[in-house]
Amino acid sequence: GRDTEKNKSLLKEIVSEFKRNKIRTSIFMDTDLSLIEAAANTGTDRIELYTEDYAVAFENGNMNGILPYVKAAKLVGDLGMDLNELFCVDCHARN
């Protein structure tokens, strides 16, 4: 995922350019709540969460692996952003 604190200026510039052209934006990221808060400050419309950590936890029997995603999803909504479907590049291989 993108470090939205470190790259705040660049992301704000890119998001602004897209919005000027009526293009919706999404930032692909992990469940780090401080980075989600920083993402909201870029003006992005939505967040897409990377879910490999959840897939690994679930595969290893850790049913609490979903909790960071629940907290992140709630924060995304509280900050007025949308949440794209959860995504994991490797999830399809974890059967």
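The rules behind the values
- Residues numbered from 1 in each chain as written.
- Predicted model: local features only at pLDDT ≥ 70, side-chain atom pairs only at ≥ 80, totals over all residues.
- Heavy atoms only, no water.
- Phe/Tyr/Trp six-rings, centres within 6.5 Å; stacked < 30°, edge-to-face > 60°.
- Helix = DSSP H or I, 4+ residues; strand = E, 2+ residues; numbered from the N terminus.
- Pairing = 2+ DSSP bridges.
- Contact = heavy atoms within 4.5 Å.
- Axes fitted to C-alpha atoms, helices over the stretch in contact; angles between N-to-C directions.
- Buried < 20%, exposed > 50% of the residue type's maximum accessible area, 1.4 Å probe, protein only.
- Polar contact = N/O pair within 3.5 Å; in protein donor to acceptor, adjacent residues only side chain to side chain.
- Salt bridge = Lys/Arg side-chain N within 4 Å of Asp/Glu carboxyl O.

Novice: Any details on the packing of aromatic side chains? Residues and values, ideally.
Specialist: Tallying each qualifying case throughout the model produces three aromatic pairs. Each ring, one from F28 and one from Y50, has its centre 5.6 Å from the other, and the planes form 75 degrees; the classification is edge-to-face. Of this pair, F28 sits in strand β1 (residues 26-29) while Y50 sits in the loop between β2 (46-49) and α3 (52-59), and the two are 22 residues apart along the sequence. Feature note: the residues Y54, F58 and Y69 constitute an aromatic cluster, connected by ring pairs.

Novice: Which residues make up the sheet that holds β1, and what values do they have?
Specialist: Spatial ordering of the open sheet is given by β1-β2-β3, a layout of three strands whose pairing is parallel. A strand with exactly one partner marks an edge of an open sheet, and here the two such strands are β1 and β3 (82-83). Along the sheet face, helix α2 (residues 33-40) touches β1 and β2 and points at about 165 degrees away from the line of β1.

Novice: Requested: an account of unusual backbone geometry, with residues and values cited.
Specialist: Positive phi outside glycine occurs at K22, with the angle close to 60 degrees. Under the relative-accessibility criterion, K22 is labelled exposed at 77%.

Novice: If you had to explain the side chain of T44 to someone new, which residues and values would you point to?
Specialist: Summarising the element assignment, T44 is placed in the loop between α2 and β2. A distance of 3.3 Å separates a polar side-chain atom of T44 from the backbone oxygen of R46. Residues within four places of T44 in sequence aside, it is in contact with V15, T25, S26, I27, A39 and M81.

Novice: Let's hear about the pattern of salt bridges: which residues, and what values?
Specialist: By the definition in use, this model includes four salt bridges. The salt bridge partner of R20 is E17, with a shortest N-O separation of 2.6 Å. Here R20 and its partner E17 are both found in helix α1 (residues 8-20), three residues apart, which amounts to about one turn of the helix. R20 gets classed as exposed once you look at its relative accessible area, which sits at 58%. Notably, a salt bridge pairs D78 with K74, separated by 2.9 Å at the nearest N-O pair. Of this pair, D78 and K74 are both found in helix α4 (residues 67-78), four residues apart, which corresponds to roughly one turn of the helix. For the residue pair D78 and K74, the accessibility class agrees, reading exposed in each case.

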